[in-house]
Amino acid sequence: MTHARLLGSDVPLAERYDLALVDLDGVAYRGHEPIDGAAAGLAGARAAGMRLVFVTNNASREPESVADQLTSLDIPTQPGDVLTAAQACAALLASRLRPGAKVLVVGGAGLVTAVREAGFEVVTSADEHPEAVAQGFAPELGWAQLAEAAYAVAGGAWFVASNLDKSLPTARGFAPGNGALVGAVQAATGVVPDSAGKPASTMYEIAVEQHGARAALVVGDRLDTDLAGARTGGFAGLHVLTGVSTARDDVLAPAGLRPHYIAADLGGLLVPHPEPLPAAEGWWACGGAAARVTAGRLELGGDSPEGVDLARAACAAAWAAVDAGEELDASTVPDLRVTPEDAAGAVAGR
């Protein structure tokens with residue numbers, strides 16, 4: 001899909017798309033805690049015939065561990081329903097390295113297992129002259145491991161990161177992610193790594209090929225990873241507002257990061273999505289909400305002072321103005337309030 005606008009769907013997304021590529025942190029759960037509406041939304045999607053694959057930039061955990069956590073949160077999942085950045089990282093390594101090549105793995109058990117299963121020899125020291133360094137997040141990662149990575153990369157090893165997420169959502173807030181740790185090695189060596197994780201579309205393409213999907217929908221909470229990967233790979237993307245990026249971020253997003261759909265939470269899979277349409281005097285209307293950009297300032301109107309429809313109308317107005325070459329004053333874009341009740345009301349009104 002080459003356009004960078006919101007789409008409309010007159011049927012629930014779970015009926016329009018046969019495969020959902022669902023992010024985990026900030027979408028299905030937050031840290032170790034469930035997200036309201038996630039289990040019900042995903043169960044409803046499955047009941048409508050949608051296949052679910054959980055695609056995560058977390059490379060520290062085994063698919064079995066991820067599946068067990070999801071199942072404990074009332075989201076029944078098999079290991080084959082999980083695709084991690086560790087698996088994508090191993091696939092990227094296999095695109096260049098010979099079988100049996102030495103790879104210095106800096107990360108958790110999930111990355112170690114994926115690299116071994118791809119046919120490589122896992123080493124832990126730069127003194128073993130690895131052909132590549134594979135770096136993924138692990139909470140126990142420390143200076144000694146980062147130093148070994150730096151020594152190997154400086155010595156000519158191919159530097160591959162499972163992902164470049166700078167932050168990681170947890171139950172207590174946002175913690176440093178793999179991108180922040182990769183940054184330490186990059187700063188020490190001056191070498192920019194190749195990345196297998198989102199926003200690259202590698203994992204999405206692997207999942208679509210594995211499951212023979214006709215039409216796949218990316219579902220995520222981050223514009224700079226999940227939704228950017230959707231745009232890069234030519235997939236439709238649903239932004240759920242339960243994690244990192246906000247509705248205000250949607251309005252201000254450049255073309256390459258824009259979602260195709262917006263929902264309060266995963267209940268958005270179970271409802272139609274109205275398409276914002278141009279109206280008189282420069283307004284864009286969606287449901288009972290309206291927005292326009294006049295002299296670089298975003299104006300909000302209509303009968304809905306908050307909610308998903310207002311966010312959709314605001315995105316349509318702002319994107320149309322910016323794409324036409326108009327300057328948008330970011331200070332006129334408010335923190336658009338979208339709550340889970342918006343999704344619940346939409347589902348109840350089907």
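Residues numbered from 1 in each chain as written. Predicted model: local features only at pLDDT ≥ 70, side-chain atom pairs only at ≥ 80, totals over all residues. Heavy atoms only, no water.

The protein chain is annotated in an unreviewed UniProt entry as HAD-IIA family hydrolase from Cellulomonas hominis.

Trainee: For this particular structure, what's the right way to read the packing of helix H4 (residues 85-94) against helix H5 (residues 109-117)?
Mentor: A pair of packed helices is captured by two measures, namely the crossing angle of their axes and the spacing between those axes. Between H4 and H5, the least distance of the axes is 8 Å, while the angle of their chain directions is 35°. By crossing handedness, the relation of H4 to H5 is classed as right-handed. Note on element contacts: H5 touches H4 through Gly 110, Leu 111, Ala 114 and Val 115, opposite Ala 86, Gln 87, Cys 89, Ala 90 and Leu 93. In the contact of H4 with H5, the residues fall into seven nonpolar, two polar and no charged. (Axes fitted to C-alpha atoms, helices over the stretch in contact; angles between N-to-C directions. Helix = DSSP H or I, 4+ residues; strand = E, 2+ residues; numbered from the N terminus. Left-handed = near helix turned anticlockwise from the far one by under 90°. Contact = heavy atoms within 4.5 Å. Nonpolar A, V, L, I, M, F, W, Y, C, P; charged D, E, K, R; others polar.)

Trainee: Quick question: what am I supposed to make of the nonpolar core here?
Mentor: Counting 36 residues, the largest nonpolar core has Leu 21, Leu 93, Leu 97, Val 103 and Val 115 as its most contacted members. Among the elements that take part in this core, H4 stands out by supplying six residues, more than any other. Shared between two domains, this core holds at least three residues of each, these being domain 1 (13-84 + 199-269) and domain 2 (86-195). Sequence-distant contacts of Leu 93, that is, excluding residues within four places in its chain, are made with Val 103, Val 115, Phe 120, Ala 132, Ala 134, Trp 158 and Val 160. Ranked by size, the runner-up nonpolar core spans 34 residues in total, among them Leu 13, Val 66, Leu 238 and Leu 270. (Core = buried A, V, L, I, M, F, W, Y, C linked by side-chain atoms within 4.5 Å. Buried < 20%, exposed > 50% of the residue type's maximum accessible area, 1.4 Å probe, protein only. Domains from an automatic or database assignment.)

Trainee: What should I look at first to understand the domain arrangement of the protein chain in this one?
Mentor: How large an interface is tends to be reported as the accessible area lost when its parts come together. If you check the domain split of the protein chain, you get domain 1 (13-84 + 199-269), domain 2 (86-195) and domain 3 (277-340). Computed from C-alpha atoms alone, the centre-to-centre distance between domain 1 and domain 3 is 26 Å. The partner domain 3 presents 19 residues to the 13 residues of domain 1 that form the contact. When the buried area of domain 1 at its contact with domain 3 is split by residue, Arg 248, Val 251 and Arg 258 rank highest and sum to 47% of it. Here domain 1 is connected to domain 3 by one salt bridge. A salt bridge links Asp 323 to Arg 258; its shortest N-O distance comes to 2.9 Å. Inspection of the region where domain 1 meets domain 3 yields six residue pairs in polar contact (both at pLDDT 80 or more). Looking at the side of domain 1 that touches domain 3, the elements that each hand over two or more residues are helix H10 (247-252) and strand E15 (261-263). Here the residues of the side of domain 1 that touches domain 3 sort into nine nonpolar, no polar and four charged. (Buried area = accessible area lost by both parts, 1.4 Å probe. Salt bridge = Lys/Arg side-chain N within 4 Å of Asp/Glu carboxyl O. Polar contact = N/O pair within 3.5 Å; in protein donor to acceptor, adjacent residues only side chain to side chain.)

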